[in-house]
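# An overview of the molecular structure
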Amino acid sequence: MDENRSMPPSDVIPVLGYPDVGGAVAWLGEAFGFRVRWQAGGHRAQLAVGSGAVVVTEAPGDAATIMVRIADADAHHAQAHRAGATILSPPTDQPYGERQYTAQDPAGHRWTFSETIADVAPEAWGGRSFEP
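Reference entry: report on the structure contained in this document. (Residues numbered from 1 in each chain as written. Predicted model: local features only at pLDDT ≥ 70, side-chain atom pairs only at ≥ 80, totals over all residues. Heavy atoms only, no water.)

## Some words on the sheet that holds strand β6 (residues 86-93)
Reading across the sheet, the 9 strands line up as β6-β7-β8-β5-β1-β4-β3-β2-β9 and stay open at both edges, with mixed pairing between neighbours. Looking at which strands have only one partner, the edges of the open sheet turn out to be β6 and β9 (128-129). Bridge analysis of strand β1 (residues 12-18) against strand β5 (residues 64-69) gives 5 bridges, and the strand direction is antiparallel. From the neighbouring strand, valine 12 faces β5, where its bridge partner is valine 68. (Pairing = 2+ DSSP bridges. Helix = DSSP H or I, 4+ residues; strand = E, 2+ residues; numbered from the N terminus.)

Shown next, in the form of structure tokens:
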């Protein structure tokens, strides 16, 4: 898998909604020792957890998505579509160097699948890095 400074090396990344991202980042850091990798304004942050990561985003507290890093978003999307996944957003290139699509499984869980297409520093798309 290609590297991208805007993405952690993890293959599976939980994306958790919080009504107050800054408060959540501070609490998760103090309580669990999570470290900020990058932050985008007050609406999104990526936190390092050992060799993994958690994304905190501005949303209701019960909002959650699982992000999975994959090698080929288009082929993965085609397979998911054939298997009957509800496609919520088709594969789309993102300014942070990822090609992503989002699907919903039969139980209503949302999954975002992400293929690295470029190595992009968070500062290039409006984020702020906290780790080298």
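From this point, the narrative continues.
## Observations concerning the packing of aromatic side chains
In total, this model carries 6 aromatic pairs according to the counting rule given. Residues tryptophan 38 and tryptophan 125 carry aromatic rings whose centres are separated by 4.9 Å and whose planes lie at 85° to one another, so their mutual orientation is edge-to-face. Highlighted residues: tryptophan 38 in strand β2 (residues 35-40) and tryptophan 125 in the loop between β8 (110-116) and β9, separated in sequence by 87 residues. With a centroid separation of 6.4 Å and 10° between ring planes, the pair formed by tryptophan 111 and phenylalanine 113 is classed as stacked. (Phe/Tyr/Trp six-rings, centres within 6.5 Å; stacked < 30°, edge-to-face > 60°.)

## Focus on the environment of leucine 47
With respect to the helices, strands and loops of the structure, leucine 47 is situated in strand β3 (residues 44-49). When residues no more than four places from it in sequence are discounted, the contact partners of leucine 47 are Val25, Leu28, Phe34, Arg35, Val36, Arg37, Gly52, Ala53, Val54 and Val56. (Contact = heavy atoms within 4.5 Å.)

## A short note on the pairing of β2
Of all 6 residues making up β2, 5 are buried, and the element is well covered by its neighbours. When β2 meets β3, the two strands line up antiparallel, connected through 5 bridges. When the sheet's bridge partners are listed, arginine 35 is paired in β3 with alanine 48. The antiparallel hairpin formed by β2 and β3 contains 3 residues in its connecting segment, where glycine 41 sits at a positive phi of about 55°. Note: β2 against β9, 2 bridges, orientation antiparallel. Opposite tryptophan 38, over in β9, you have serine 129 as the bridge partner. (Buried < 20%, exposed > 50% of the residue type's maximum accessible area, 1.4 Å probe, protein only.)

## Describing the environment of glycine 22
Here glycine 22 lies in helix α1 (residues 21-32). Classification of glycine 22 by relative accessible area gives partly exposed; the value is 37%.

The analysis is restricted to geometry; functional conclusions fall outside its scope.
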